[in-house]
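# A look at the structure
The chain contents come next:
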Amino acid sequence: MTTMNTKRESGFSMLEVLVTIAIVSILLGIGIPSFQNLMDTNRMAAAVNDFVGAMHAARAEAIKRRANVTVCASSDWDTADPDCDAAAHLGTGWIIFVDGVPPVLPNGDIDGPDELLRAHGPLAGTIDDVTVNAGVTVPYVSYGPGGFAQQIGALVPINNIQICDRRGNVDT
């Protein structure tokens, strides 16, 4: 009696490998752009949350201290003596400070007895632009002791902010 020695081959055929590669390529081609959009959306949400958090913190400090608290754009936010900067936009950074400790009136700039409360650096690199309403001389928002936004002298405050990334205009 002769026995047949059958050895089973293991592995994948060339056709199976090619079909698998084609399916993986199609799935990656669909998934990667969606993932990039998800990342852009999360970066935008983080930038908006940073700014909204600054507004809430400034308003809370104004109420707590019963003082004027201002948030303004600052390109030198990380120095020992930061200033509000008319040429800067909020995407470059901002500072929050007590503005105008009585008897000094608020002036939209950190000076004299004003106290720096917080400083924030630039927004994520994917944020292309932060624009505010036309006519704003120094990009600022100021809260009075009652927690309401107020105008400081002749300076025009921010009342509309638009944060844009590489996808285009996205209103906040």
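### Topic: the overall build of the protein chain
Within the protein chain, the secondary structure is distributed over one helix and eight strands. Tracing the protein chain from N to C terminus, the helices and strands come up as α-β-β-β-β-β-β-β-β. Relative to a compact globule of 172 residues, whose C-alpha radius of gyration would be 16 Å, the protein chain shows 28 Å and is clearly more extended. Projected onto the principal axes, the alpha-carbon positions of the protein chain cover approximately 115 × 30 × 30 Å.

### A short note on the sheet that holds strand 1 (residues 69–73)
Overall, antiparallel pairing links the five strands, which are arranged 3-2-1-5-6 in an open sheet. Where the open sheet ends on each side, the last strands, each with one partner, are strand 3 (115–120) and strand 6 (149–150). Sheet topology places strand 5 (residues 140–143) next to strand 6; two bridges connect them, and they run antiparallel. Among the inter-strand pairings, Tyr143 is bridged to a residue of strand 6, identified as Ala149.

### Quick look at the state of the cysteines
All told, the structure shown has one disulfide when counted by the stated rule. Disulfide partner of Cys72: Cys84, at an S-S distance of 1.8 Å. One disulfide, between Cys72 and Cys84, carries an S-S torsion of -85° and so falls in the left-handed class. Of this pair, Cys72 sits in strand 1 while Cys84 sits in the loop between strand 1 and strand 2 (94–98), placing them twelve residues apart in sequence.

What counts, and where the lines are drawn
- Residues numbered from 1 in each chain as written.
- Predicted model: local features only at pLDDT ≥ 70, side-chain atom pairs only at ≥ 80, totals over all residues.
- Heavy atoms only, no water.
- Helix = DSSP H or I, 4+ residues; strand = E, 2+ residues; numbered from the N terminus.
- Rg over C-alpha atoms; globule rule 2.2 N^0.38 Å.
- Pairing = 2+ DSSP bridges.
- Disulfide = S-S within 2.5 Å.

Everything listed is a geometric property; what it means functionally is a separate question.
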